[in-house]
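The residues making up each chain are set out below.
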Amino acid sequence: MPSYLASILQQFNYYKSLGEKTFEQLDDSQLFKQPHSDSNSIAIIVNHMWGNMLSRWTDFLTTDGEKPWRERDKEFEDIIKTRDELMARWAEGWDCVFHALEQVNDNNLSASITIRNQNLTVTEAINRQLAHYAYHVGQIVYIGHLLKGDQWQSLSIPKNKSKDFNEKMGMK
């Protein structure tokens, strides 16, 4: 059975890859398309995730996860202008996550940290962030799927292909 930390790393990598597989399917303009005037584009979601990742994971074990320099409201503005900027923020955010996780071990999983002055164990904080990123990556994938329509390449088991998948996996 894999350890909690190995499992968490696997899950973070999985959601990171889902985002990247979505970006690969989209042309540059689709990364900035807002499906509705009051909704976020993929670029805005990436910008928010980037700001959250830097705030939560910088000095993860020693400082409050809501850094005084974070400007959360600006994360929802149309700041990113190019695919290169989007990819740079995506990479920087995830690098911060994975670097912080290198500091976590079985001995400090139950240690207390704070996010917005709320006490959490390291495990609780990691779980909170995993859920947050899964939520936003789900939005990214959904928007990508909407924009691509029939041209979308499924990132999991394609619709009406469960039986084929199960057979491939040796299931009855």
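Residues numbered from 1 in each chain as written. Predicted model: local features only at pLDDT ≥ 70, side-chain atom pairs only at ≥ 80, totals over all residues. Heavy atoms only, no water.

Peer 1: Just to check I follow, could you spell out helix α1 (residues 4-25) for this structure?
Peer 2: Three- or four-residue spacings in an α-helix give side chains the same orientation, since the helix completes a turn every 3.6 residues. Look at α1: 32 Å from first C-alpha to last across 22 residues, which is about the 32 Å you get at 1.5 Å a residue. Buried residues belonging to α1 abut α2 (42-57), α3 (83-101) and α4 (122-148). (Helix = DSSP H or I, 4+ residues; strand = E, 2+ residues; numbered from the N terminus. Expected span 1.5 Å × (residues − 1). Contact = heavy atoms within 4.5 Å.)

Peer 1: In this structure, what is going on with the packing of α2 against α4? I would like to understand it.
Peer 2: The relative placement of two packed helices comes down to the angle between their axes together with the axis-to-axis distance. Between α2 and α4, the shortest axis-to-axis distance is 10 Å and the interhelical angle comes to 170 degrees. Judged by the angle between their axes, α2 and α4 are roughly antiparallel. Between α2, through Ile 42, Ile 45, Val 46, His 48, Met 49, Asn 52, Met 53, Arg 56 and Trp 57, and α4, the contact on the second element is made entirely by Ile 126, Arg 128, Gln 129, His 132, Tyr 133, His 136, Val 137, Gln 139, Ile 140, Ile 143 and Gly 144. A class-by-class count of the residues in the contact of α2 with α4 yields 11 nonpolar, seven polar and two charged. (Axes fitted to C-alpha atoms, helices over the stretch in contact; angles between N-to-C directions. Parallel < 35°, antiparallel > 145°, perpendicular 65-115°, else oblique. Nonpolar A, V, L, I, M, F, W, Y, C, P; charged D, E, K, R; others polar.)

Peer 1: Help me understand the pairing of strand β1 (residues 112-115) in this model?
Peer 2: Remember that side chains alternate between the two faces of the sheet whenever the strand is regular. Only one face of β1 is buried, namely the one carrying Ile 113 and Ile 115, since none of Ser 112 and Thr 114 on the opposite face is buried. As paired strands, β1 and strand β2 (residues 118-121) are joined by four bridges and run antiparallel to one another. Within β2, the position partnered with Ile 115 by the bridge is Gln 118. Between β1 and β2, which follow one another and run antiparallel, lie two residues, and Arg 116 among them has a positive phi close to 55 degrees. (Buried < 20%, exposed > 50% of the residue type's maximum accessible area, 1.4 Å probe, protein only. Pairing = 2+ DSSP bridges.)

Peer 1: I tried to follow the pattern of salt bridges on my own but got confused; where do I start?
Peer 2: Side chains that carry opposite charge are capable of pairing whenever their charged atoms lie near each other. Under the criterion given, the structure shown has eight salt bridges. The residue Arg 83 makes a salt bridge to Asp 28 at a minimum N-O spacing of 2.5 Å. Here Asp 28 lies in the loop between α1 and α2 and Arg 83 lies in helix α3, a separation of 55 residues in the sequence. Measuring nitrogen to oxygen at the nearest pair gives 2.7 Å for the salt bridge that ties Glu 75 to Arg 70. Given the relative accessible area of 4%, Glu 75 is considered buried. What emerges from the salt-bridge pattern is a single network uniting Arg 56, Glu 66, Arg 70, Glu 75 and Arg 116. (Salt bridge = Lys/Arg side-chain N within 4 Å of Asp/Glu carboxyl O.)

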